[in-house]
Amino acid sequence: MASPNIIIVVIALADPHDDASRAMARTVQDSLADTALVVVREEARPDDTAMLTQLGTDMHASALAVVQWTDDTHAVLRIYRASRGWTSRDVEFGHDDPMAERGRTLGLGIASMVRATEEVPPPPVP
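All chains use their own residue numbering, which begins from 1 and follows the written sequence. Reporting of local features is limited, given that this is a predicted model, to residues whose pLDDT is at least 70; pairs of side-chain atoms are given and counted only at 80 or more, and all residues count toward the totals for whole chains, interfaces and linings. Side-chain measures were taken over the full set of non-hydrogen atoms in the model, leaving aside hydrogen atoms and water.

Draft legend 1. Structural detail: the overall build of the protein. Helix and strand counts for the protein stand at 3 helices and 5 strands. Starting at the N terminus and walking to the C terminus, you meet the elements of the protein as β-α-β-α-β-β-β-α. The rule is simple: take the accessible area with a 1.4 Å probe, protein chains only, and divide by the maximum for that residue type; under 20% is buried, over 50% is exposed, in between is partly exposed. Relative to its 126 residues, the protein shows a buried fraction of 42%. Surface accessibility of the protein: about 7200 Å² in total, with carbon and sulfur atoms responsible for 55%. Here a helix means four or more residues in a row that DSSP labels H or I, a strand means two or more in a row labelled E, and each is numbered from the N terminus. Here the open area of atoms and residues is found with the Shrake-Rupley method and a 1.4 Å probe, where only the protein chains shown may cover a residue.

Draft legend 2. Expanded view of the packing of helix α1 (residues 18-32) against helix α3 (residues 99-116). Helix axes are fitted only over the stretch in contact, all axes being lines through C-alpha atoms; the angle between N-to-C directions runs from 0 to 180 degrees. Look at α1 against α3: their axes get within 7 Å of each other, and the N-to-C directions meet at 35 degrees. When you trace α1 past α3, the crossing you get is right-handed. Taking contact as the criterion, the partners of Asp19, Ala20, Ala23, Met24, Thr27, Val28, Ser31 and Leu32 in α1 are, on α3, Met99, Ala100, Gly103, Arg104, Leu106, Gly107, Leu108, Ile110, Ala111, Val114 and Arg115. Note on residue classes: Ala, Val, Leu, Ile, Met, Phe, Trp, Tyr, Cys and Pro are nonpolar, Asp, Glu, Lys and Arg are charged, and everything else, Gly too, is polar. Class assignment of the residues belonging to the contact of α1 with α3 gives a composition of 12 nonpolar, 4 polar and 3 charged. Crossings are classed by handedness, with left-handed meaning an anticlockwise turn of the near helix from the far one by less than a right angle and right-handed meaning a clockwise turn. Any pair of residues with heavy atoms lying within 4.5 Å of one another is described as a contacting pair.

Draft legend 3. The arrangement of unusual backbone geometry in detail. With phi around 55 degrees, His60 is a residue other than glycine that occupies positive phi space. Here His60 is to be found in the loop between α2 (49-58) and β3 (63-71).

Draft legend 4. Broad picture of the sheet that holds strand β2 (residues 36-43). In short, DSSP must find at least two bridges between two strands for them to pair. Pairing within the open sheet is mixed, and its 5 strands lie in the order β2-β1-β3-β4-β5. Because the sheet does not close on itself, it has two edges, and the strands there are β2 and β5 (85-92). In this sheet, adjacent strand axes meet at a mean angle of 20 degrees when their direction is disregarded. Contacting β1 (5-12), β2 and β3, α1 crosses the sheet at an angle of about 160 degrees to β2.

Draft legend 5. Geometry of the environment of Asp18. On the secondary structure map, Asp18 appears in helix α1. A residue is classified by how much of its surface remains accessible, and Asp18, at 40% relative accessible area, is partly exposed. When the C-alpha positions of Asp18 and Ala100 are compared, they lie 8.9 Å apart, and in sequence the two are 82 residues distant.

Draft legend 6. Region of the structure containing the packing of aromatic side chains. Working definition: a ring pair exists when centres of Phe, Tyr or Trp rings (six-membered ring for Trp) sit within 6.5 Å. Plane angles under 30 degrees give stacked, over 60 give edge-to-face, the rest tilted. Under the definition given, this model contains 2 aromatic pairs. Ring centres 5.7 Å apart and planes at 35 degrees place the aromatic pair Trp69 and Phe93 in the tilted group. Within this pair, whereas Trp69 is found in strand β3, its partner Phe93 is found in the loop between β5 and α3, the two being separated by 24 residues in sequence. A relative accessible area of 17% places Trp69 in the buried class. With a centroid separation of 5.0 Å and an interplanar angle of 45 degrees, the aromatic rings of Tyr80 and Trp86 are classed as tilted. Residue class for Tyr80 comes out buried when judged on its relative accessible area of 18%.

Draft legend 7. Structural view of α3. To estimate the expected span of a helix, subtract one from its residue number and multiply by 1.5 Å. Between its terminal C-alpha atoms α3 stretches 26 Å, which fits the 26 Å expected from 18 residues at 1.5 Å a residue. Every buried residue of α3 is accounted for by Arg102, Gly103, Leu106, Gly107, Gly109, Ile110, Ala111, Met113 and Val114. Buried-residue contacts for α3 involve β1, α1, β3, β4 (74-81) and β5.

Draft legend 8. Expanded view of the pattern of salt bridges. Any Lys or Arg side-chain nitrogen located within 4 Å of an Asp or Glu carboxyl oxygen qualifies as a salt bridge. Under the defined criterion, the tally for this structure stands at 4 salt bridges. Put simply, Arg41 and Glu43 hold a salt bridge, and the shortest N to O gap is 2.7 Å. Exposure remark for Arg41: the relative accessible area of 33% places this residue in the partly exposed category. For Glu43, a relative accessible area of 11% gives the class buried. Residues Asp48 and Arg45 are paired through a salt bridge, measuring 3.5 Å at the closest nitrogen-oxygen approach.

If you want it as structure tokens, here you go:
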């Protein structure tokens, strides 16, 4: 049996969007359950790119996802793969959007970004 991909999801330490973080982690794991093990990690400096890439290397991660809230309605998702570098996506929410729904949306965004950056094996040589 092949070992699963390891996806590390980094959130800010003491994230004020706790309901969103829980829903996001569940959604990422559910979305990638057949191919990945998802590890959520709180970090004091989620904007420290060097530390994050080292974390991914140390944990043998297939991908690293970073979620940063810039204010109450705006989050930035960043995905890192050693072979492709960083990609990012901005996500805007309405003021009335429930936190759990925001988290599910972010979880689906992470899952789709991880899948979009998966390594595609070369076709077999005839």
